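# Architecture at a glance
These are the residues of each chain, in order.
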Amino acid sequence: MTSEHPFAQYVRILGKGKTGSRSLNYDEARQAMSMILRGDVQDVQLGAFLMLLRVKEESVDELAGFVQAVRDAIAVPNLPIDLDWASYAGKRRQQPWYLLAALTLARAGIRIVMHGASGHTEGRIYSEQILQALGHAPCLTWQDTEAALAQTNFAFVPLRTFCPPLQHIIDLKSLFGLRSPVNTLTRLINPLGAPCSLQSIFHPAYADNHQAAAQLLGQQHAAVFKGEAGEAERRPEADLRLHLIQDGKSLIEEWPRMVSGRQEKLEQLPFEELQSVWSGQRTDSYGELAVTGTIAIVLRLMGKATSHESAQTLAESLWQRRHD
């Protein structure tokens, strides 16, 4: 008789029918993800595990356990940074204005590490390719990251460079036809342990879980919100429900929309238009609201403003002085 594979227990927990199945607890999730990252799981098991989680939707304990397993597995240097910025969704309707927000904050002296994955969803543009066009090459080693931070206060680190197994799972989307829970947990990794973490979600219902998982992982300062297309970008035409963690305590703030009406989807996203707004050669009323609104969220997260009004005022000032 063939003995049961050690990973089979985790598939069974999730897939034992409507009455017999349950979510993994924190320790089980941590152990299961550790096995996945070590390559101790068969492909058929991995597919079943991920899709069972996708149908069920991951719990707070599962998210936290998965993230802790990733942190256990990756070797990172002690690099002082201020803000961890997750970027995994890509854009398809609007320009990636959040990148201009991040670069403005970096020029204001905030040390930012952005991490992400690209190419997993057809028809989207991703941070890595746009940043490279803006003069910020991806950091393929931690030495590259340290050098980029020293030069510009900003570094983009692709997921494939610090956790290739997670990149592999994200790339399986073309086989599954669905995103997996890895697309969710990557936003919480904060590989360098920044004191402040910025995360965006696409589905509003995920915000509570992200906030609670970050808190369970010991994150003292975090912001989670529904961003444009799932990226950490303020949507000016929508009310903002901002999930914050301040000094380890969770709270929710409601910010009013910045403009009435709805922005039309752009058929194309030419880089030249984004570049010309960044350089000041042209203006874009929607884009600049998205940029300053995103900056305001970060300023509020980092305690540099006590309200959305004061955060917005300071954000507009930083944007105007970005080339000083």
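To keep things clear, this report deals only with the structure shown in the data block.

### A closer look at the overall build of the protein chain
Summing up its helical and strand segments, the protein chain has 16 helices and seven strands in all. The C-alpha atoms of the protein chain give a radius of gyration of 20 Å, which matches the 20 Å a tight globule of 324 residues would have. Principal-axis analysis of the C-alpha atoms places the extent of the protein chain at approximately 70 × 40 × 40 Å. Relative to its 324 residues, the protein chain shows a buried fraction of 55%. Intrachain contacts of the protein chain at a sequence separation of at least 6 include 72% that bridge at least 24 residues. As displayed, the protein chain offers around 14,300 Å² of accessible surface, 48% of which is attributable to carbon and sulfur atoms.

### Thoughts on the packing of helix 15 (residues 285-301) against helix 16 (residues 308-320)
Where helix 15 meets helix 16, the closest approach of the two axes is 8 Å, and the angle between their N-to-C directions is 120°. In terms of orientation, helix 15 and helix 16 fall into the oblique class. The chirality of how helix 15 crosses helix 16 is right-handed. Within the contact between the two elements, helix 15 uses Glu288, Val291, Thr292, Gly293, Ile295, Ala296, Leu299 and Arg300 and helix 16 uses Ala311, Gln312, Leu314, Ala315, Glu316, Leu318 and Trp319. Residue composition of the contact of helix 15 with helix 16, by class: nine nonpolar, three polar and three charged.

### A word on the packing of helix 1 (residues 8-15) against helix 4 (residues 43-56)
Packing of helix 1 against helix 4 brings their axes to within 10 Å, and their N-to-C directions diverge by 30°. In terms of axis orientation, helix 1 runs roughly parallel to helix 4. As for the relative orientation of helix 1 and helix 4, their crossing is left-handed in sense. From helix 1, Ala8, Tyr10, Val11, Leu14 and Gly15 reach across to helix 4, where they touch Gln45, Ala48, Phe49, Leu52, Leu53 and Lys56. A per-class count over the contact of helix 1 with helix 4 returns eight nonpolar, two polar and one charged.

### Concerning the nonpolar core
As a rule of thumb, nonpolar side chains are buried together in soluble globular proteins. Judged by nonpolar contacts, the single largest core of 55 residues is most densely connected at Phe49 and Leu166. For phenylalanine 49, the contacting residues outside a window of four places in its chain are Phe7, Tyr10, Val11, Leu14, Leu24, Ala32, Ile36 and Phe66. Judged by nonpolar contacts, the second largest core, of 47 residues, contains Ile130, Trp255, Leu269 and Leu318.

### A few points about the sheet that holds strand 3 (residues 154-158)
As a general point, the strands of a sheet are linked pairwise by backbone hydrogen bonds and lie either parallel or antiparallel. The seven strands are arranged 3-2-1-4-5-6-7 in an open sheet whose pairing can be described as mixed. Among the strands making up the open sheet, the edge pair consists of strand 3 and strand 7 (249-255). When strand polarity is set aside, the average angle formed by the axes of neighbouring strands in this sheet is 20°. By the bridge criterion, six bridges tie strand 4 (residues 196-201) to strand 5 (residues 221-226) in an arrangement that is parallel. Bridging across to strand 5, isoleucine 201 finds its partner in lysine 226. Strands strand 2 (112-116) and strand 3 of the sheet are contacted by helix 8 (residues 142-152), whose axis makes an angle of about 155° with strand 3.

### Digging into the packing of aromatic side chains
Counted by the stated rule, this structure contains five aromatic pairs. Taking 6.2 Å as the distance between ring centres and 45° as the angle between the ring planes, the aromatic pair formed by tryptophan 278 and tryptophan 319 counts as tilted. With a gap of 41 residues between them, tryptophan 278 in helix 14 (residues 271-279) and tryptophan 319 in helix 16 connect regions that are remote in the sequence. Assessed through its relative accessible area of 7%, tryptophan 278 is described here as buried. Members of the aromatic cluster, each reached through a chain of ring pairs, are Phe7, Tyr10, Phe49 and Phe66. Across the ring face of phenylalanine 202, the terminal group of lysine 226 is positioned such that the distance to the ring centre comes to 4.3 Å. Sitting over the face of the ring of tryptophan 319, arginine 322 holds its NZ or CZ atom 3.6 Å from the ring centroid.

### Some words on the pattern of salt bridges
With the rule as written, the count across this model stands at 11 salt bridges. For glutamate 4, the salt bridge identified is with arginine 12, shortest N-O distance 2.8 Å. Glutamate 4 gets classed as exposed once you look at its relative accessible area, which sits at 52%. Between arginine 38 and aspartate 40 there is a salt bridge; the shortest N-O distance is 2.9 Å. Look at aspartate 40 and you get partly exposed, because its relative accessible area is 35%. Salt bridges sharing partners connect three or more residues here, namely Lys91, Glu228 and Glu233.

Conventions we followed
- Residues numbered from 1 in each chain as written.
- Predicted model: local features only at pLDDT ≥ 70, side-chain atom pairs only at ≥ 80, totals over all residues.
- Heavy atoms only, no water.
- Helix = DSSP H or I, 4+ residues; strand = E, 2+ residues; numbered from the N terminus.
- Rg over C-alpha atoms; globule rule 2.2 N^0.38 Å.
- Buried < 20%, exposed > 50% of the residue type's maximum accessible area, 1.4 Å probe, protein only.
- Contact = heavy atoms within 4.5 Å.
- Areas by Shrake-Rupley, 256 points an atom, 1.4 Å probe, with all protein chains shown as cover.
- Axes fitted to C-alpha atoms, helices over the stretch in contact; angles between N-to-C directions.
- Parallel < 35°, antiparallel > 145°, perpendicular 65-115°, else oblique.
- Left-handed = near helix turned anticlockwise from the far one by under 90°.
- Nonpolar A, V, L, I, M, F, W, Y, C, P; charged D, E, K, R; others polar.
- Core = buried A, V, L, I, M, F, W, Y, C linked by side-chain atoms within 4.5 Å.
- Pairing = 2+ DSSP bridges.
- Phe/Tyr/Trp six-rings, centres within 6.5 Å; stacked < 30°, edge-to-face > 60°.
- Lys NZ or Arg CZ within 6 Å of the ring centre and 35° of its normal.
- Salt bridge = Lys/Arg side-chain N within 4 Å of Asp/Glu carboxyl O.

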